[in-house]
2 protein chains.
Amino acid sequence: MMGRVVKANERKTSRRAVYEVLRRQVLTMELPPGAALSENELAATLGVSRTPVRESLILLAEEGLVQVFPQVGSFVSRVDPVKVADAQFLREAVELAALDDLPAALDPAVVADLRSNVERQRRPGIDLEEFFALDEEFHHGLLRLSGHANAWATVVAAKGHLDRARRLGLYEADSPGTFVHQHADILDAVTRGDAEQARTAMRAHLRAVFDDVERIRARSPELFSSNSTTAPTRRSIAIWE
Amino acid sequence: MMGRVVKANERKTSRRAVYEVLRRQVLTMELPPGAALSENELAATLGVSRTPVRESLILLAEEGLVQVFPQVGSFVSRVDPVKVADAQFLREAVELAALDDLPAALDPAVVADLRSNVERQRRPGIDLEEFFALDEEFHHGLLRLSGHANAWATVVAAKGHLDRARRLGLYEADSPGTFVHQHADILDAVTRGDAEQARTAMRAHLRAVFDDVERIRARSPELFSSNSTTAPTRRSIAIWE
DNA sequence: CGACAAGTACTTGTATACCAGTACTGCTCG
DNA sequence: CGAGCAGTACTGGTATACAAGTACTTGTCG
């Protein structure tokens, strides 16, 4: 048989655009936990048909950010403390393992990016969304240093619930100053080659982020899932509108 | 506003069935790397419409098991050594972190399951598919011991490429005896409470699995992606039929 | 015989139509 | 007035129709 060569360039699909919009709106709480997501309504709002909307909701459901109940409706998931803890564990495992795997000679370009990143985090009156973007970039950069940048995508896909909880915490804080200091500490230890201190600083940082969740949960319980036990026998949820 | 209570039971959807069938066929190499997956053809074969087939392919593409090229076609991904290494790193990070987090008192029911599992792995002439199922259950059980069973789902979603490489390795081996021994070693160390030895044994086990990949790659290079460098400037692939 | 170009048969992406099923509304009847 | 039940307007799941685009085929011309 002859070899058949297939060429394809990446094209703009409306599904990708819809997915990114919806995901951002869920993570930023613009679409709050519990909100109803009607496929028809979203399609009309976004100016597309149900198909790309539906496919986006399926992907978001796979990430745990949306719950789809056949013949009933689709809803933004409440923040599930169990999933927050799961994401915390996964993230800590990956980021600490990466620190264990740092090469002797760090990529100077990446190190420069990280330094610049921390500097920008220090800007007074920084916007929260901007800080989050820098924070993501910082942690991603640390993984790049160890050559495991690709693992970040898996962490990102799993930590949606954690991100929403973090956002809740930061919205109530005056400034993300504490976290900026922790970032600087981690980077300092890494560049000094002090792996043990880097691990300690990273663990303290991630745990500090995690500890915020319980505080927020006490203040805004309606945003959290009430599935206290492992698995409910009946798949039932209550929506307050 | 009044509280609105929504009840919904989980229903059978053909999409879930199609997804599971396709995923199994990809992981077992029944659909080999590089195979063309026509949505129309699959729909006709499975007796459903394009919609559930298409939605399943989107999910598989998200896992990296399938590549979709708009207006060109969908294909089973070749085993990407980079993704195999990524999955290996992720898995090792998670499973070792779980061993660090074992409680003082292990759940005796889970321990009994693990012992029974290893015994069944020892059965002579064991079928390969059965061994894989037991292997999955074994590692999942170890995560359960540390209370991080949910992290297994994330690992599973990320390790599709690794699993296919492993399967290739075992298909050529006479028996999975070496791995069974390693499983037994890990379980022994865990039940003895020797966390350090458990970590060592686990690391050796996972690395042994990983080392098989290069051997297989040398023997069956056509099943592997040839993206030697980081990112190709053109999204082009070659299919041999 | 070979190169080039129009045609054709596919591909996936999107839009729409229909179906099964759920939850709320409001009428009816006790 | 209240409880119960039928009606109705929604939901998401699936099937189908159409559109945009790619790669191979084949006819034509030099």
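Residues numbered from 1 in each chain as written. Chains lettered and ligands numbered in written order. Predicted model: local features only at pLDDT ≥ 70, side-chain atom pairs only at ≥ 80, totals over all residues. Heavy atoms only, no water.

1. Some words on helix H4 (residues 81–100) of chain A
Residues lying three or four places apart along an α-helix face the same way, a consequence of the helix completing one turn every 3.6 residues. All names here are of chain A. The terminal C-alpha atoms of H4, which comprises 20 residues, lie 28 Å apart, in line with the 28 Å expected from a rise of 1.5 Å per residue. Counting buried positions over the 20 residues of H4 gives 16, a clear majority of the element. Where H4 starts, the residue carrying a side-chain oxygen 2.9 Å from the main-chain nitrogen of valine 82 turns out to be aspartate 80. (Helix = DSSP H or I, 4+ residues; strand = E, 2+ residues; numbered from the N terminus. Expected span 1.5 Å × (residues − 1). Buried < 20%, exposed > 50% of the residue type's maximum accessible area, 1.4 Å probe, protein only. Polar contact = N/O pair within 3.5 Å; in protein donor to acceptor, adjacent residues only side chain to side chain.)

2. Focus: the nonpolar core
If you look at the biggest cluster of nonpolar residues, it comprises 36 residues, and the most contacted ones within it are Leu57 of chain A together with Leu57 of chain B. Looking at this core, the elements that each hand over two or more residues are helix H1 (14–27), helix H2 (39–46) and helix H3 (50–63) of chain A together with helix H1 (14–27), helix H2 (39–46) and helix H3 (50–63) of chain B. If we skip the residues at most four places from it in the chain, leucine 57 of chain B touches Leu22, Leu37, Glu39, Leu42, Val66 and Ser74 of chain B. In this structure, Ala93, Ala98 and Trp152 of chain A together with Phe89 of chain B belong to the second largest nonpolar core, which totals 20 residues. (Core = buried A, V, L, I, M, F, W, Y, C linked by side-chain atoms within 4.5 Å. Contact = heavy atoms within 4.5 Å.)

3. Digging into the packing of helix H6 (residues 128–145) of chain A against helix H8 (residues 160–172) of chain A
Residues and elements named next belong to chain A. Following both chains from N to C, one finds H6 and H8 inclined at 135 degrees, their axes separated by 11 Å at the closest point. The angle between H6 and H8 places the two elements in the oblique class. Judged by the sense of rotation from one axis to the other, the crossing of H6 with H8 is right-handed. Contacts from Leu128, Glu129, Phe131, Phe132, Asp135 and Glu136 in H6 reach Asp163, Arg166, Arg167, Leu170 and Tyr171 in H8. (Axes fitted to C-alpha atoms, helices over the stretch in contact; angles between N-to-C directions. Parallel < 35°, antiparallel > 145°, perpendicular 65-115°, else oblique. Left-handed = near helix turned anticlockwise from the far one by under 90°.)

4. What about the packing of aromatic side chains?
Think of a pair of aromatic rings as described by two things: how far the centres are apart, and how the planes are tilted against each other in angle. As enumerated under the stated definition, the model contains four aromatic pairs over all chains in all. Measuring from centroid to centroid gives 6.1 Å for phenylalanine 69 of chain B and phenylalanine 75 of chain B, while their planes differ by 55 degrees, and the two rings are tilted. Summarising the burial analysis for this pair, phenylalanine 69 of chain B and phenylalanine 75 of chain B share the class buried. Positioned above the aromatic ring of phenylalanine 132 of chain A, the side-chain terminus of arginine 167 of chain A is 4.2 Å from the ring centre. (Phe/Tyr/Trp six-rings, centres within 6.5 Å; stacked < 30°, edge-to-face > 60°. Lys NZ or Arg CZ within 6 Å of the ring centre and 35° of its normal.)

5. Observations regarding the pairing of strand S3 (residues 73–76) of chain A
Residue and element names in this part refer to chain A. Both faces of S3 are covered, namely the face carrying Gly73 and Phe75 and the face carrying Ser74 and Val76. Bridge count between strand S2 (residues 66–69) and S3: four bridges; the pairing is antiparallel. Bridge pairing links glutamine 67 to phenylalanine 75 in S3. Once S2 ends, the chain turns through three residues before running back antiparallel as S3, passing glutamine 71 with a positive phi of about 65 degrees. (Pairing = 2+ DSSP bridges.)

In short, the description is geometric, and any link to function would need to be established separately.
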